[in-house]
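Here's the letter readout for the chains.
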Amino acid sequence: MNTWDVNKIYESLKFLLRSNQSGGISTTDFFNAWNIEQNAYHSDLLGKWQLRSNGKSGSNTGLIMNETIMTDLSPFVIEGSVAISSGTVTKPNDFIYGLARRLELNSIEYLVSKINHGQIYYVNNDVIDPPSVANGCYYIVEYEDYYNVLPSTATGDLKLDYVAHPTDVVWGFTYDADNRKVYNAGLSVQPKWSIPTVILITKRTLSSFGVSYKDKEFENFGAKNTVTGDS
């Protein structure tokens, strides 16, 4: 995905501070605040989704998804696979929200229906579609950091498409001969957002520091970057 690296973000910060004749902000303070803002924005996007009524025999989408939001979040959508152990699946460490689930056993995939806690009794006692390995009928119930799989004798892997938590970006550096910090891409962690979203998060971060700016100033930085080839 086409995006800015952390050094480009930092260069835009310095450009805007000079334009506004503002005081300096350390890279540590700025990127700590930037990571807070990217997590807040990520949460804002997730908060715009609305739950859809999803009964045992109804739609398995579970969400009414806004296409624009999903495009923005697409760098954080992960296709994972977790082994089932004693009827339980531990969620990945970066898990935030499950989008789809399939059970894979002996290279065959089965649909997995997500049910709520109040449906466990009724599903287990269903005379038509009870949990069954023989019939390939599987259900899951979500808890804080794991899923319970029905039937509890289920084996195989749970194929899990999910929205992951954004990783904190890091402006990595080494010191030059004069003990000055020099950007080091190899020690840095880059953002996954698209360029417009990176700019939006950077604007929110600057606002949190009380730095005023005009949108035109970001355009001026982009024009300067294109002309000079700065990276």
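In case you missed it, the structure is sitting above this.
## Comments concerning the packing of aromatic side chains
In this description, an aromatic ring pair is defined by two values, namely the gap between the centres and the angle between the planes.
Then comes step 1: Enumeration according to the criterion identifies 13 aromatic pairs in this entry.
Then comes step 2: Note on Phe30 and Phe31: the rings are 5.1 Å apart at their centroids and 75° apart in plane angle, and the pair reads as edge-to-face.
Then comes step 3: On the basis of relative accessibility, which here comes to 4%, the residue Phe31 falls in the buried class.
Then comes step 4: Three or more aromatic residues joined by ring pairs form one cluster here, namely Tyr10, Trp171, Phe173, Tyr175 and Tyr183.
Then comes step 5: Taking NZ or CZ as reference, Lys181 lies 4.6 Å from the ring centre of Phe173, over its face.

## So, the nonpolar core
Then comes step 1: Grouped together as the largest cluster of nonpolar side chains are 29 residues, with contacts concentrated most on Ile9, Leu13, Phe30, Phe31, Trp34, Leu73 and Trp193.
Then comes step 2: Elements with a contribution of two residues or more to this core: helix H1 (6-19), helix H2 (27-47), helix H3 (67-73) and helix H5 (195-208).
Then comes step 3: Here the element with the most residues in this core is H1; it accounts for seven residues.
Then comes step 4: Look past the residues within four positions of Leu13 in its chain and what remains in contact with it is Ile25, Phe30 and Leu206.
Then comes step 5: Formed by 16 residues, the second largest nonpolar core is a distinct cluster that contains Leu105, Ile140, Val149 and Leu158.

## Re the environment of Val141
Then comes step 1: Here Val141 is to be found in strand E7 (residues 138-142).
Then comes step 2: Separated by 22 residues in the primary sequence, Val141 and Gln119 have C-alpha atoms spaced 9.2 Å apart.
Then comes step 3: Setting aside anything within four residues of it in sequence, one finds Val141 in contact with Ile115, His117, Ile120, Tyr146, Tyr147 and Asn148.

Rules used in this analysis
- Residues numbered from 1 in each chain as written.
- Predicted model: local features only at pLDDT ≥ 70, side-chain atom pairs only at ≥ 80, totals over all residues.
- Heavy atoms only, no water.
- Phe/Tyr/Trp six-rings, centres within 6.5 Å; stacked < 30°, edge-to-face > 60°.
- Buried < 20%, exposed > 50% of the residue type's maximum accessible area, 1.4 Å probe, protein only.
- Lys NZ or Arg CZ within 6 Å of the ring centre and 35° of its normal.
- Core = buried A, V, L, I, M, F, W, Y, C linked by side-chain atoms within 4.5 Å.
- Helix = DSSP H or I, 4+ residues; strand = E, 2+ residues; numbered from the N terminus.
- Contact = heavy atoms within 4.5 Å.

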